[in-house]
Amino acid sequence: MTNTQWNLFKRIIKQEEEKLHVGLIVDSPWMPGYCDISTIDFYAMPDIWFDAYIKIKKDFPDILFLPDWWAEYGMAAEPSGFGVKFSLYHDNLPAVHHLAADVEDMEEVVDALKLPDPRKDGLMPLLLNLQQKIKPRLDAIGEKINIVSARGPMTVAAHLFSVTELLLCAKIEPDVYHKLLRITTQLCKDWLYAQLDACGEAEGVLLLDDITGFFSKDDYQEFAHPYLKDIFSAFSGQVKLLHNDTANDVPYPHMPDLGIDLFNFTHEREIGTVRSQIDANITLLGNVPPMSLARNTPEEVYELSNSCIRDYVAANGSTRGLLLSIGGGVPMGATRECIDALITAAKAYNM
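The notes below deal with the structure included here. As the structure is a computational prediction, the values presented were derived from the model and not from experiment.

Conventions we followed
- Residues numbered from 1 in each chain as written.
- Predicted model: local features only at pLDDT ≥ 70, side-chain atom pairs only at ≥ 80, totals over all residues.
- Heavy atoms only, no water.
- Helix = DSSP H or I, 4+ residues; strand = E, 2+ residues; numbered from the N terminus.
- Contact = heavy atoms within 4.5 Å.
- Patch = residues over 30% accessible without salt bridge, like charges linked within 9 Å, V, L, I, M, F, W, Y side chains within 5 Å.
- Areas by Shrake-Rupley, 256 points an atom, 1.4 Å probe, with all protein chains shown as cover.
- Salt bridge = Lys/Arg side-chain N within 4 Å of Asp/Glu carboxyl O.
- Lys, Arg positive; Asp, Glu negative; His and termini not counted.
- Charge placed at Lys NZ, Arg CZ, Asp CG, Glu CD.
- Buried < 20%, exposed > 50% of the residue type's maximum accessible area, 1.4 Å probe, protein only.
- Arc of directions from axis to C-beta.
- 1 Å grid on protein atoms, 1.4 Å probe; cavity = no way out; pocket = protein on both sides within 12 Å on 5 of 7 lines; lining within 4 Å.
- Points joined across faces, edges and corners; volume = space filled by probe spheres on them.
- Nonpolar A, V, L, I, M, F, W, Y, C, P; charged D, E, K, R; others polar.
- Core = buried A, V, L, I, M, F, W, Y, C linked by side-chain atoms within 4.5 Å.

## Comments concerning the environment of Ala-170
Argument step 1. Inspection of the secondary structure puts Ala-170 in helix α9 (residues 163-172).
Argument step 2. Through-space distance from the C-alpha of Ala-170 to that of Tyr-220 is 11 Å; in sequence the pair is 50 residues apart.
Argument step 3. Apart from the residues within four sequence positions on either side, Ala-170 is in contact with Tyr-177 and Phe-223.

## Section: a negative patch on the surface
Argument step 1. A surface patch of negative charge is lined by Asp-102, Glu-104, Asp-105, Glu-107, Glu-108, Glu-173 and Asp-175.
Argument step 2. Relative to the assigned elements, Glu-108 resides in helix α6 (residues 106-112).

## Re α9
Argument step 1. Those residues of α9 not exposed but buried are Glu-165, Leu-166, Cys-169 and Ala-170. All buried residues of α9 lie within an arc of 140° about the axis, which places them on one face of the element. In α9, the exposed positions angled more than 90 degrees off the buried face are occupied by Thr-164, Lys-171 and Ile-172.
Argument step 2. Those residues of α9 hidden inside the fold are in contact with α6, α8 (153-161), α10 (174-199) and α11 (217-223).

## Some words on the layout of surface pockets
In this approach a probe as big as a water molecule rolls over the atoms, and the regions it shows empty are the leftover space.
Argument step 1. Estimated volume of the largest pocket: approximately 470 Å³.
Argument step 2. Lining the largest pocket are 23 residues, with Met-75, Arg-151, Asp-210, His-243 and Asp-245 positioned closest to its centre.
Argument step 3. Here the lining of the largest pocket is built from residues that sort into 12 nonpolar, 6 polar and 5 charged.

## Some points on the nonpolar core
Argument step 1. One finds Phe-9, Leu-24, Trp-30, Tyr-177 and Leu-180 to be the most contacted residues of the largest nonpolar core, which totals 126 residues.
Argument step 2. Per-element accounting of this core gives the leading share, 13 residues, to α10.

## Overview of unusual backbone geometry
Argument step 1. For the bond from Leu-66 to Pro-67, the omega torsion is -5°, close enough to zero to count as cis.
Argument step 2. With omega at -20°, the peptide bond leading from Gly-286 into Asn-287 counts as cis.
Argument step 3. By secondary structure assignment, the location of Asn-287 is in strand β9 (residues 283-288).
Argument step 4. We note that Asp-36 has phi near 60°; this positive angle belongs to a residue other than glycine.
Argument step 5. Residue placement: Asp-36 occurs in the loop between α2 (31-34) and α3 (39-44).
Argument step 6. Positive phi, normally seen in glycine, also occurs at Asp-68, with a value near 80°.
Argument step 7. The topology assignment puts Asp-68 in the loop between β2 (63-66) and α5 (77-80).

Right under this line is the structure:
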């Protein structure tokens, strides 16, 4: 982001901004296709990655992209530190291959796991190198990496073993689950620390963990919340963002305890209801249906955006505490016309 954009973003999350703005989480599911490049080129060729960001910023100057200048390999970066096998594709995200296929095998595998060093292990050092080497080019155009990101501890664990096996482990072998989560939680912290060092000036951290939405009320408290809190508590003074777009409102009352500033959530929950369930001091990033940007007409996206705005204002009295977005990241196939319709709806509200 530019300094102007970052300052605007901070005003929005502090709920000091009167106008409604649009923010979108963008990364490799959408950007390669939109920019007519292969996913492998986007990952492997820094000049192509850089030019892709220049293109979307030129095409959509009114959008606050989050986290922006995201150095990532889909879901493969953090799991790769544990030595997992992954497959790369020209037209799709990497596939991460699990370390064990059955919950009965998890204890032995977890006992053998070693905490990765993000500066040495897997794909993470390549991403740190990109963040360091790109800084002069960002400085030259008045941009910088303001937010660093990590997949959350449950999501990393789920890519090591699968969602089903992880959830079974929590209930069948809770000691194994907690041992695993202590490792993945520490990795998340170490990975964010390493990126903050590489970027030098970043002021925010983004954690993405959809698995937190798979737990019941009691299970969330035991198996998810302590690990999220441990991570966010380690970054005092940082702007804190959380993404979890599963259709489960169990975590909502616990958001203040995490100390987060912004929450990106599912489109499957009505935004006014979500606003009433989540502490008013937490800004919401949402929640037009993500696939509407790829499957619907611009006119339909405009109406969906208007409906989202109306429902939020009806519940909140104004658009303070809202950064208009979709209920998740921008999907493959999202079109310029539909994204423009989202922007147009925000501008129309501001008139």
